[in-house]
Amino acid sequence: MDIKKLYNIYLQNPSVQTDSRMIKPGDIFFALSGPNFNGNKFIDKALEAGASYCVGDAEDLKETEQVIKVEDALAALQELATVHRDSFDIPFVAITGSNGKTTTKELIQAVLSSSFICYTTTGNLNNHIGVPLTLLKVRSDAEIAVIEMGANHLHEIEAYCKWAKPTHGLITNVGKAHLEGFGSEEGIKKGKGELFQFLAANNGTAFINSDQDYMEEIALTVPHKIFFGTDKGEVTGSIKSEAHFLNINMNFSNENYTVKTQLVGDYNFPNALAAACIGLYFNVPIDKIIKALEAYQPDNSRSQFIELGSNKIIMDAYNANPNSMQAAIENFGKQSSDKKVIYLGAMKELGKYTEKEHAQLIDLLQKYQWNEVVLVGPEFGSVPPPFIHFTTTNEAALWFKQQQYMNSVILIKGSRSLSMENVLPK
């Protein structure tokens, strides 16, 4: 089908869905398929639920007034998103990185939304399906858009940039995430750097953490650079205190301010600085920047602070890789508390590095004093006493319930697939 005709249909029905269970009246349903699913089988159910049109690619699919047959439904979705992106002449800020990109995206959204109509990625819909869906949710009243991009192999960010065409970009950091797919840390740097390559080729602007020497190298050919960091940049700062919540001294235009966030962990310091820098660049008033950073409350198991009886829980169970694990352990290890308990779930997608990286975490844990360490997942292998080891999250949850912790500070962290938040009693 002609993409222009499909786009005209979208303009009349500007709501797209890829999950037939989530259909609302008027939605356009794209019947995507994969190794373990075939969306074409749910076209009838989507129509029954009120879908205005369905786009599918099954060989035996019969076209009707409401059913549109294409060669590849996913490719059609991505092309439709690109056409929609081309209808805007506003800043599109892309965010990628090994750690912290979703929290940073939400902080940036909070800051920019204080002064602009800003659309952004919902949750972490940051892959080959999520990025097009995010673009198609940007409405005609948009003044700025913030697009999160995740990747686990080379050329993925490159493809997302062709659809989203960012004018500005931020790489939060480059660490040991998705080593299995990228092959090495150098591969990760190259993969994340595809964002800056696009900006370099399209007269774009990069926001750069000046504390990361390697980031300037990645951004070498980007024509416009805006810096932030502890000493160098449009916004600079330092950690004022980090007991349970992160307080930051920030300097805007040679004026000092104290920002009292509701973020947990000093590893969120550069994320807050990045949001402040981007806000300042887009002329958001400083008082609005500070208010937005202070009002933001993490959720969905990202650096959440939870009080459970007499216990204080740091829930950081959205994802885990060697760098984020190290940062969480070191941050928690520095905190002063009489009773510190740590529950760590295993890391995924490390390939041949799995055994080595988990062994290094165990070595790091042994450098600090803990009341109890509970490790979850077979990837940890041989666990030395007195550390406790379980294969599954359910086993760890039963152990948690049996301990009846009192007056403890407890860190819970692990890969998304382990759902370490389920350690806590319902």
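Read on for an overview of the structure. Keep in mind the model is a prediction, meaning the values are calculated, not measured. (Residues numbered from 1 in each chain as written. Predicted model: local features only at pLDDT ≥ 70, side-chain atom pairs only at ≥ 80, totals over all residues. Heavy atoms only, no water.)

## Regarding the overall build of the protein
Basically, it comes down to this: Comment: elements are numbered from the N terminus, with helices defined as DSSP H or I runs of at least four residues and strands as E runs of at least two. Atoms counted for the radius of gyration: C-alpha only. Globule rule: 2.2 Å times the number of residues to the power 0.38. Two residues form a contact once any of their heavy atoms are found within 4.5 Å. Calculation of accessible area relied on Shrake-Rupley with a 1.4 Å probe; when residues are assessed, cover is drawn exclusively from the protein chains displayed. In summary, the charge assignment counts Lys and Arg as positive and Asp and Glu as negative, without counting His or the chain termini. Working definition for charges: the position is that of NZ of Lys, CZ of Arg, CG of Asp or CD of Glu.
When its secondary structure is counted, the protein shows 15 helices and 21 strands. For a compact globule of 426 residues, the expected C-alpha radius of gyration is about 22 Å, and the protein comes in at 23 Å, within 12% of that figure. Dimensions of the protein along its principal axes, counting C-alpha atoms only, are 70 × 55 × 40 Å. Here the contacts in the protein between residues at least 6 apart in sequence split such that 62% fall between residues at least 24 apart. Carbon and sulfur atoms make up 48% of the accessible area of the protein, which amounts to about 19,100 Å² in all. When the 38 positive and 49 negative side-chain charges of the protein are each reduced to one mean point, those points stand 2 Å apart.

## Some points on unusual backbone geometry
Worth spelling out the cut-off: Note on classification: 1.4 Å probe, protein chains only; a residue is buried when its accessible area is under 20% of the maximum for its type, exposed when over 50%, partly exposed between these limits.
Cis geometry is found at the peptide bond from P385 to P386, where omega equals 5 degrees. Note on placement: P386 falls in the loop between β19 (372-376) and β20 (388-390). Positive phi values are uncommon outside glycine, yet H155 reaches one of about 75 degrees. One can find H155 in the loop between β9 (144-148) and α6 (156-164). Of the residues examined, H155 reaches a relative accessible area of 52% and is grouped as exposed. Unlike most non-glycine residues, N283 shows phi in positive territory, near 65 degrees. Residue placement: N283 occurs in the loop between α11 (269-281) and α12 (286-295).

## What to know about helix α15 (residues 393-403)
We count it as follows: The directions considered for the arc are those from the helix axis to the C-beta atoms.
All buried positions along α15 are accounted for by T393, A396, A397 and F400. For α15, the buried positions fall inside an angular range of 105 degrees around the axis, keeping them on one side. Those residues of α15 that are exposed and angled more than 90 degrees off the buried face are N394 and Q402. As for α15, its buried residues are in contact with β16 (304-308), β18 (340-345), β19, β20 and β21 (409-413). Where α15 terminates, the next one or two residues include Q404, which has phi positive at roughly 50 degrees.

## Some words on the sheet that holds strand β2 (residues 28-30)
To be explicit about the condition: Strands are treated as partners if at least two bridges between them are detected by DSSP. Interaxial angles span 0 to 180 degrees and are taken between N-to-C directions of axes, which are lines fitted to C-alpha atoms, for helices over the stretch in contact.
The four strands lie next to each other as β1-β2-β5-β6, forming an open sheet whose pairing is parallel. Here the strands that pair on one side only, and so sit at the sheet edges, are β1 (16-17) and β6 (67-69). In terms of strand pairing, strand β5 (residues 53-56) meets β6 through three bridges, oriented parallel. If you follow C54 over to β6, its bridge partner there is V67. Running over the sheet, helix α1 (residues 3-12) touches β1, β2, β5 and β6 and is turned about 130 degrees from β2.

## Some remarks on the packing of helix α4 (residues 101-113) against α12
To keep things clear, this is the line we draw: By the definition adopted for this analysis, an angle is roughly parallel if under 35 degrees, roughly antiparallel if over 145, roughly perpendicular if from 65 to 115, and oblique otherwise. By definition, any crossing whose near helix is turned counterclockwise from its far helix by less than a right angle is left-handed, and any crossing with a clockwise turn is right-handed. For this classification, Asp, Glu, Lys and Arg are treated as charged, while Ala, Val, Leu, Ile, Met, Phe, Trp, Tyr, Cys and Pro are nonpolar and the rest, including Gly, are polar.
At their nearest, the axes of α4 and α12 sit 8 Å apart, and the two run at 135 degrees to each other. One finds that α4 runs oblique with respect to α12. In this structure, the crossing between α4 and α12 has a hand that is right-handed. Here L107, A110 and V111 of α4 lie close against α12, whose contacting residues are I289, A292 and L293. Here the residues of the contact of α4 with α12 sort into six nonpolar, no polar and no charged.

## Here's the deal with the pairing of strand β12 (residues 224-229)
Stated formally: The path from the first strand over the helix to the second decides the hand: if it runs clockwise while the strands point away from the viewer, the crossover is right-handed.
Looking at chain direction, strand β11 (residues 205-209) and β12 are connected through five bridges and run parallel. Its bridge partner being in β12, F207 is matched across the sheet by I226. After leaving β11, the chain enters helix α10 (residues 213-218) and then returns to the sheet as β12, a path that is right-handed.

## Digging into the pattern of salt bridges
A side chain of one charge can pair with a side chain of the opposite charge if their charged atoms are brought near each other. Our working rule: The salt bridge criterion pairs a side-chain nitrogen of Lys or Arg with a carboxyl oxygen of Asp or Glu, the two atoms within 4 Å.
Under the definition given, this model contains 10 salt bridges. Of the charged contacts, one joins K105 and E106 as a salt bridge, the two residues approaching to 3.8 Å between their closest N and O atoms. On the basis of relative accessible area, K105 is assigned to the buried category, the value being 1%. When the shortest N-O distance is used, the salt bridge between K232 and E216 registers 3.6 Å. Residue K232 is found in the loop between β12 and β13 (235-242), and its partner E216 is found in helix α10; the two are separated by 16 residues along the sequence. Here E216 falls in the partly exposed class, since its relative accessible area comes to 29%.

## Some thoughts on the nonpolar core
What counts, and what does not: In this text, buried Ala, Val, Leu, Ile, Met, Phe, Trp, Tyr and Cys residues form a nonpolar core when linked through side-chain atoms within 4.5 Å.
Within the largest apolar cluster, 50 residues are counted, with the highest numbers of intra-cluster contacts made by V16, F30, L80, L135, L195 and F196. Other than its neighbours up to four places away in sequence, L80 contacts I3, L6, Y7, Y10, F30 and L136.

## Details of helix α9 (residues 194-201)
Working note: α-helix, 3.6 residues per turn, so residues spaced by three or four point in the same direction. All of the buried residues in α9 are E194, L195, F196, F198 and L199. Phi turns positive, to about 55 degrees, at N203, one or two residues after α9.

## Considering the side chain of T103
Positionally, T103 belongs in helix α4. Owing to a relative accessible area of 8%, T103 belongs among the buried residues under this scheme. When neighbours within four sequence positions are excluded, T103 is seen to be in contact with L263, N268, N271, Y296 and R302.

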